[in-house]
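A structural walkthrough
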Amino acid sequence: MWWPYMWGYSDQKVIDEIKESVEMGLPLVVGEFGHQWEEHDNGKIPYKTILEQCYKNEVGYLAWSWGPGNQPQTFLDMTTDGTFDTLRGWGLEVCVTDPYSIKNIAVRPASMLTEPTTEPPVTNIPKGSIAQNKPVFASSTEPGLGNTPEKAVDGNIATRWSSEYSDPQYIYVDLEDEYEIERVYIEWETAYARQYKIQVSDDAVVWTMYIPSTTETEILTIFTLTQKEDM
């Protein structure tokens, strides 16, 4: 949701639209919004008004974005490397310093204020994975999040690997022996690849295609491999 002054969104119009939506009884979250759409005065967005009015009307908000990665509008990035240490500018206001920042208005539910009485369930991949905890190599790792390559094969679907925000990227596992592959199990994070290939190699130099370029990007993807295709 972008409300720059250049499109006629004054502070008062933002106030009126949030109020009208609440009075209509609509389920509402305001977002995504930034602090500006273009780098001039008329391109600014009344984000402080959005923060205040969302709080006063008991409406949630979603600011954009933590960053890095916005192109070409890099000024929307709240951080330079995805960590709290580089939180800056309007992002620091939204998260910490503004009277209606997340820090100042967020309320933890009672369930988070007491120690749990039961152990959380352990969610793992199906048994029999020949890739689990084997050496793994990747083209890059997204900085600051701890999503390192080995977490793609640690057997826990609650952890993951994430690459930098650029293409192409790859990840491969050294199975340390030769195997006849029966299945490939992929559990994607929400920000999944738009297109990918599955290949195999004896030396990590020459690669043979097993699954050609595909856009099969359901959250859970299982390939049963019955016949390989040479490149």
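These figures come from a predicted structure and were not determined experimentally. (Residues numbered from 1 in each chain as written. Predicted model: local features only at pLDDT ≥ 70, side-chain atom pairs only at ≥ 80, totals over all residues. Heavy atoms only, no water.)

Examining the confidence of the model for the protein chain
For the protein chain, mean pLDDT is 87; residues scoring 70 or higher make up 91% of the total. Below pLDDT 50 for its whole length, residues 227–231 participates in 13 contacts with residues either more than four positions away or in separate chains. (pLDDT = per-residue confidence, 0-100. Contact = heavy atoms within 4.5 Å.)

Points about helix α3 (residues 89–97)
For α3, the full list of buried residues reads Trp90, Gly91, Glu93, Val94 and Cys95. Where α3 is buried, its residues meet β1 (29–33), α2 (47–56), β2 (60–63) and α4 (102–105). (Buried < 20%, exposed > 50% of the residue type's maximum accessible area, 1.4 Å probe, protein only. Helix = DSSP H or I, 4+ residues; strand = E, 2+ residues; numbered from the N terminus.)

What about the environment of Ile45?
Along the chain, Ile45 turns up in the loop between β1 and α2. A C-alpha to C-alpha distance of 54 Å links Ile45 and Ile181, two positions 136 residues apart in sequence. Each residue touching Ile45, except ones within four places of it in the same chain, is listed here: Trp2, Trp3, Pro4, Gly34, His35, Gln36, Trp37 and Ile50.

A look at unusual backbone geometry
For the bond from Trp64 to Ser65, the omega torsion is -5 degrees, close enough to zero to count as cis. Among the secondary structure elements, Ser65 is positioned in the loop between β2 and α3. With an omega of 0 degrees, the peptide bond running from Gly67 to Pro68 counts as cis. Mapped onto the elements, Pro68 comes out in the loop between β2 and α3. Of note, the phi angle at Asn133 is positive, near 60 degrees, even though the residue is not glycine. Its location among the elements puts Asn133 in the loop between α4 and β3 (136–138). Take Asn133: its relative accessible area is 58%, and that puts it in the exposed class. In the Ramachandran plot, Ala204 falls in the positive-phi region, its phi being about 65 degrees despite a non-glycine side chain. Within the element layout of this structure, Ala204 appears in the loop between β6 (196–200) and β7 (208–214).

Remarks on a negative patch on the surface
There is a patch of like negative charges on the surface, built from Asp174, Glu176, Asp177, Glu178, Asp202 and Asp203. By the element assignment, Glu176 lies in the loop between β4 (171–173) and β5 (183–187). Accessibility expressed as a relative area gives 54% for Glu176, which makes it exposed. (Patch = residues over 30% accessible without salt bridge, like charges linked within 9 Å, V, L, I, M, F, W, Y side chains within 5 Å. Areas by Shrake-Rupley, 256 points an atom, 1.4 Å probe, with all protein chains shown as cover. Salt bridge = Lys/Arg side-chain N within 4 Å of Asp/Glu carboxyl O. Lys, Arg positive; Asp, Glu negative; His and termini not counted. Charge placed at Lys NZ, Arg CZ, Asp CG, Glu CD.)

Comments concerning the pattern of salt bridges
A complete count under the given rule lists five salt bridges for this structure. Between Lys19 and Glu23 there is a salt bridge whose closest N-O contact spans 2.4 Å. Of the two residues, Lys19 and Glu23 are both situated in helix α1 (residues 11–23); the distance of four residues between them amounts to about one turn of the helix. Given the relative accessible area of 41%, Lys19 is considered partly exposed.

A short note on the environment of Ile222
In this fold, Ile222 is placed in strand β8 (residues 220–224). Measuring from C-alpha to C-alpha, the distance between Ile222 and Asp203 comes to 25 Å, with 19 residues separating the pair along the chain. The contacts of Ile222, once residues within four sequence positions are left out, are Arg183, Val184 and Tyr185.

Focus: the packing of aromatic side chains
Any pair of aromatic rings gets described here by the distance separating the centres and the angle formed by the planes. Under the defined criterion, the tally for this structure stands at nine aromatic pairs. Measuring from ring centre to ring centre gives 5.8 Å for Trp7 and Trp37, while their planes differ by 50 degrees; the resulting arrangement is tilted. Remark: Trp37 occurs in the loop between β1 and α2 and Trp7 occurs in the segment before α1; sequence separation between them is 30 residues. Taking the relative accessible area as the measure of exposure, Trp7 reaches 44% and is therefore partly exposed. (Phe/Tyr/Trp six-rings, centres within 6.5 Å; stacked < 30°, edge-to-face > 60°.)

A word on the side chain of Glu93
If you trace the backbone, Glu93 turns up in helix α3. By relative accessible area, which is 19% here, Glu93 ends up buried. In terms of polar contacts, Glu93 uses its side chain to reach the side chain of Lys48, at 3.0 Å. Those residues in contact with Glu93 that sit more than four places away from it in its chain are Tyr47, Lys48, Asp98 and Ser101. (Polar contact = N/O pair within 3.5 Å; in protein donor to acceptor, adjacent residues only side chain to side chain.)

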